[in-house]
Amino acid sequence: MRFVSEYRDAAACQQLAQAIERLVTRPWTIMEVCGGQTHAIVKFGLDQLLPPQVTLIHGPGCPVCVTPLEMIEKALQLAARPEVTFCSFGDMLRVPGCSQDLLAVKASGGDVRVVYSPLDAVQLARDEPDREVVFFAVGFETTAPANAMAAVQAHELGLPNFSLLVSHVLVPPAVESLLSAPDCRIEGLLAAGHVCTVMGCHEYEPLAARYHVPIVVTGFEPVDILQGVHACLRQLEEGRAEVENAYARSVRPEGNQPAQELIREVFEVVPRKWRGLGEIPRSGLGLREPYAALDAERRFGLTDTDVPEPEACLSGQVLQGLTRPMDCPAFGRECTPEHPLGATMVSSEGTCAAYYHYRRQRGLQSPRSPAEGSA
Ligand code: SF4
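The model shown is predicted, which means the values in this text are computed figures rather than measured ones. (Residues numbered from 1 in each chain as written. Predicted model: local features only at pLDDT ≥ 70, side-chain atom pairs only at ≥ 80, totals over all residues. Heavy atoms only, no water.)

Student: Which parts of the structure should I look at to understand the sheet that holds strand β4 (residues 111-114)?
Tutor: Sheets are built from strands that pair by backbone hydrogen bonding, the pairs being arranged parallel or antiparallel. Pairing is mixed in the open sheet, where 6 strands are placed in the order β4-β3-β5-β6-β11-β10. Of all the strands in the sheet, just β4 and β10 (267-274) have a single pairing partner and so form its edges. If you compare each strand with its neighbour and ignore which way they point, the axes differ by 25 degrees on average. Note: strand β3 (residues 84-88) against strand β5 (residues 132-139), 4 bridges, orientation parallel. From the neighbouring strand, Thr 85 faces β5, where its bridge partner is Val 133. The sheet contacts of helix α8 (residues 118-127) involve β3, β4, β5 and β6 (162-169), and relative to β5 the element is tilted by about 170 degrees. (Pairing = 2+ DSSP bridges. Helix = DSSP H or I, 4+ residues; strand = E, 2+ residues; numbered from the N terminus. Axes fitted to C-alpha atoms, helices over the stretch in contact; angles between N-to-C directions. Contact = heavy atoms within 4.5 Å.)

In structure tokens:
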């Protein structure tokens, strides 16, 4: 537990907050991209430790939240097929589609199973050759290597009954989409440490230069996050916009090259639709041709449909840092973790869920709405 206690040390957090207060001379708005960082910020009240000039806004870094409704509907269609065993990580089971979720399909007889690794799904396909086993391959660059490994293993074994429903997304193109938006309020960015552990830091350098935004690779514990905020503010105050690694205990500049090679072997970069952000060019991964036989969409002839978002849900704005959960009229009323209207309330990494679990419990209000922020 040595590392956890060190990086959750209250005195160290207070010292960093004081250092930030001494550093800051004007209002700044910083976005943390990752849902895990959002949870830590809200859970530990880090935003409330910061001086009022510093506004943290939350980004689209929750893989469950950004999986588009169309893909959820495809998952529901597959899971309802009698010959299919549909495998997914647990978070996806409660994400609402248009009329139901995977848990409801399971309750009405669908063979939906929670797995902890895509390799478990490959094993299931070996164990149950009479079933069509489909794995829901969602997530960022962090989950792509394991999913690629599952594809390689199934390919090498020649498994005829295993396939992947792929909805992988890539962080840098989404960051660029946010930075280039006319209403962008982001002045500094905390990049997700685990994505950079796989991919390294170099992808962010053109973005920092093009949009003149400092990008600091940041970890997930309170001290990590405050160090990231401090490093980002130091650059902002000095007028610099560079990529900086504040998570060197995990991230090497070049990342994990064998993992990158595995991703490149199995996947190619494709356009991908993001929930709340729309389609972003070159922002997703799809199976390369040698692995096309493992593509569940092709195997089961699934086609794209246009599925509208529920009108009451502001998840799209929440994912872009334009609205805070507590500014959504449905927050904590029609929309709760037990009865979620949108993905940002369902997922354990979702921004709305973070505010519901931690901020409501303490009876605290949102520190500053974006409208009152600095930009
Ligand atoms: S509180 Fe619920 S309805 Fe409102 S934005 Fe969040 S998920 Fe959507």
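Student: Which parts of the structure should I look at to understand the packing of α8 against helix α9 (residues 144-157)?
Tutor: Running from amino to carboxyl end, α8 crosses α9 at an angle of 20 degrees, the nearest separation of the two axes being 8 Å. Looking at the two axes, α8 sits roughly parallel to α9. When the axes of α8 and α9 are compared, the crossing they make is right-handed. Here α8 contributes Pro 118, Leu 119, Val 122 and Arg 126 to the contact with α9, which in turn contributes Ala 146, Asn 147, Met 149, Ala 150, Gln 153, Ala 154 and Leu 157. (Parallel < 35°, antiparallel > 145°, perpendicular 65-115°, else oblique. Left-handed = near helix turned anticlockwise from the far one by under 90°.)

Student: What is the right way to look at empty space enclosed by the protein in this model?
Tutor: Over the atoms rolls a probe the size of a water molecule, and its path tells where empty space is left. Tallying each qualifying case throughout the model produces 4 cavities of 30 Å³ or more. Approximately 70 Å³ is the volume found for the largest cavity. Mapped by element, the contributors of at least two residues to the lining of the largest cavity are α16 (315-319) and α17 (343-346). Among the residues making up the lining of the largest cavity, the classes are represented as 9 nonpolar, 3 polar and no charged. (1 Å grid on protein atoms, 1.4 Å probe; cavity = no way out; pocket = protein on both sides within 12 Å on 5 of 7 lines; lining within 4 Å. Points joined across faces, edges and corners; volume = space filled by probe spheres on them. Nonpolar A, V, L, I, M, F, W, Y, C, P; charged D, E, K, R; others polar.)

Student: Can you walk me through the packing of aromatic side chains in this structure?
Tutor: Each aromatic ring pair is summarised here by two numbers: the centre-to-centre distance and the angle between the ring planes. Evaluated as defined, the whole model comprises 5 aromatic pairs. Look at Phe 89 and Phe 135: their rings are 5.5 Å apart centre to centre, the planes differ by 80 degrees, and that puts the pair in the edge-to-face class. Of this pair, Phe 89 sits in the loop between β3 and α7 (102-107) while Phe 135 sits in strand β5, placing them 46 residues apart in sequence. On the basis of relative accessible area, Phe 89 is assigned to the partly exposed category, the value being 25%. Looking at Phe 135, the relative accessible area reads 0%, which means it is buried. With 6.1 Å between their ring centres and 65 degrees between their planes, Phe 331 and Tyr 356 make a pair best called edge-to-face. Remark: Tyr 356 occurs in helix α18 (residues 351-359) and Phe 331 occurs in the loop between α16 and α17; sequence separation between them is 25 residues. The same class applies to Phe 331 and to Tyr 356, which are both buried. (Phe/Tyr/Trp six-rings, centres within 6.5 Å; stacked < 30°, edge-to-face > 60°. Buried < 20%, exposed > 50% of the residue type's maximum accessible area, 1.4 Å probe, protein only.)

Student: Just to check I follow, could you spell out the site of the ligand for this structure?
Tutor: As a structural note, the neighbourhood of the ligand is formed by Cys 313, Leu 314, Ser 315, Cys 328, Ala 330, Phe 331, Cys 335, Leu 341, Gly 342, Thr 344, Met 345 and Cys 352. For the ligand, the cavity whose grid points lie within 2 Å of the majority of its atoms is the largest cavity. (Near = heavy atom within 4 Å. Sits in = over half its atoms within 2 Å of the grid points.)

Student: Explain the environment of Gly 45 to me, please; I cannot follow it from the model alone.
Tutor: Looking at the element boundaries, Gly 45 is found in the loop between α3 (35-43) and α4 (46-49). Between the alpha carbons of Gly 45 and Ala 146 there is a distance of 33 Å; along the sequence they are 101 residues apart.

Student: What is the right way to look at the state of the cysteines in this model?
Tutor: One pass over the full model with this rule turns up 0 disulfides. Cys 201 forms no disulfide, and the closest cysteine sulfur to it belongs to Cys 196, at a distance of 5.1 Å. The exposure class of Cys 201 is buried, given its relative accessible area of 6%. (Disulfide = S-S within 2.5 Å.)

Student: Can you help me understand the packing of helix α2 (residues 10-23) against helix α13 (residues 222-238) in this one?
Tutor: Helix packing for two helices is described by the angle between their axes and how far apart those axes are. At a minimum axis separation of 10 Å, α2 and α13 run at an interaxial angle of 10 degrees. Taken together, α2 and α13 sit at an angle that is classed as roughly parallel. Contacts from Ala 12, Cys 13, Leu 16, Ala 19, Ile 20 and Leu 23 of α2 reach α13 at Pro 222, Val 223, Leu 226, Gln 227, Val 229, His 230, Leu 233, Arg 234 and Glu 237.

Student: Explain the environment of Val 64 to me, please; I cannot follow it from the model alone.
Tutor: Inspection of the secondary structure assignment puts Val 64 in helix α5 (residues 63-66). Overall, Val 64 belongs to the buried group, its relative accessible area being 6%. Separated by 47 residues in sequence, Val 64 and Asp 111 have C-alpha atoms that sit 21 Å apart. The residues touching Val 64, leaving out its near neighbours within four places in the chain, are Asp 91, Met 92, Val 95, Ala 343 and Ser 347.

Student: Which parts of the structure should I look at to understand the pairing of strand β11 (residues 278-287)?
Tutor: Side-chain positions along a regular strand alternate between the two faces of the sheet. Summarising the sheet, β6 and β11 pair through 2 bridges and their orientation is antiparallel. Considered in β11, the bridge of His 168 is made with Leu 285. Relative to β11, β10 runs antiparallel, the two sharing 7 bridges. Paired with Arg 272 across the strands is Ile 280, a residue of β11. Adjacent in sequence and paired antiparallel, β10 and β11 are bridged by 3 residues, among which Gly 276 carries a positive phi angle near 85 degrees.

Shape descriptors only; they carry no functional weight alone.
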